[in-house]
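Read off the chains here:
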Amino acid sequence: QVQLVESGGGLVQPGGSLRLSCAASGGTISSYAMCWFRQAPGKGREFVAGISWGGGDIYYRDSVEGRFTISRDNAKNTVYLQMNSLKLEDTAVYYCNALLDLQGNAVDAWGQGTLVTVSS
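Here the structure is a predicted model, which means the values were calculated and not measured. (Residues numbered from 1 in each chain as written. Predicted model: local features only at pLDDT ≥ 70, side-chain atom pairs only at ≥ 80, totals over all residues. Heavy atoms only, no water.)

Trainee: I would appreciate a short explanation of the pairing of strand β5 (residues 45-51) in the present structure.
Mentor: If a strand is regular, its side chains alternate between the two faces of the sheet. In terms of strand pairing, strand β4 (residues 33-39) meets β5 through six bridges, oriented antiparallel. Across the sheet, the residue bridging to Q39 is R45, located in β5. Counted between consecutive antiparallel strands, the loop separating β4 from β5 contains five residues, among which G42 sits at a positive phi close to 75 degrees. Pairing between β5 and strand β6 (residues 58-60): three bridges, direction antiparallel. Across the sheet, residue G50 finds its bridge partner in β6, namely Y59. (Pairing = 2+ DSSP bridges. Helix = DSSP H or I, 4+ residues; strand = E, 2+ residues; numbered from the N terminus.)

Trainee: How should the state of the cysteines be read in this particular structure?
Mentor: What makes a disulfide is a covalent bond joining the sulfur atoms belonging to two cysteines. Applying the stated criterion across every chain, the model contains one disulfide. Between the sulfur atoms of C22 and its disulfide mate C96 the distance is 2.0 Å. Taking the sign of the S-S torsion, -85 degrees for the link of C22 and C96, the bridge is left-handed. With C22 in strand β3 (residues 18-25) and C96 in strand β9 (residues 92-100), this pair connects stretches of sequence that are 74 residues apart. For C35, which is in no disulfide, the shortest distance to another cysteine sulfur is to C96 and amounts to 8.7 Å. Classification of C35 as buried rests on a relative accessible area of 6%. (Disulfide = S-S within 2.5 Å. Buried < 20%, exposed > 50% of the residue type's maximum accessible area, 1.4 Å probe, protein only.)

Trainee: I tried to follow the sheet that holds β3 on my own but got confused; where do I start?
Mentor: Hydrogen bonds along the backbone pair up the strands of a sheet, which may run parallel or antiparallel. In space, the four strands of this open sheet follow the order β1-β3-β8-β7, with antiparallel pairing throughout. With one partner strand each, in any of the chains shown, β1 (3-7) and β7 (68-73) form the two edges of the open sheet. Each strand axis lies, on average, 15 degrees off the axis of its neighbour in the sheet, ignoring direction. The sheet contact formed by β1 and β3 spans five bridges and is antiparallel. Along β3, the bridge assignment pairs V5 with A23. (Axes fitted to C-alpha atoms, helices over the stretch in contact; angles between N-to-C directions.)

Trainee: Explain the environment of L20 here, please?
Mentor: Tracing the backbone shows L20 in strand β3. Accessibility expressed as a relative area gives 0% for L20, which makes it buried. Separated by 82 residues in sequence, L20 and L102 place their C-alpha atoms 24 Å apart.

So, in structure tokens, the structure goes:
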């Protein structure tokens, strides 16, 4: 099973930017459709962005579209989430998720998360 490790979180002011990284081991990231989820304090985990195996299909939740960009570098075995124009409501633990394998089967592998705190 692929293991995922998120990094890049931290404290940022409103309007600032962060880039999150999701590094994979124990598997080739090109074998998986990948997603970012987040969980704000006291709330459930919600979908943020997703990217298909080759990067040709990308999906965002409405509240982040135009501000966040998901990308993948299969050669580096890494998925990224570039977050710009951050808002207070973006504060959450962000999780990387390997959602589907090449056969379309659910994988549902999760990293441990990285905390993003947007505060003035």
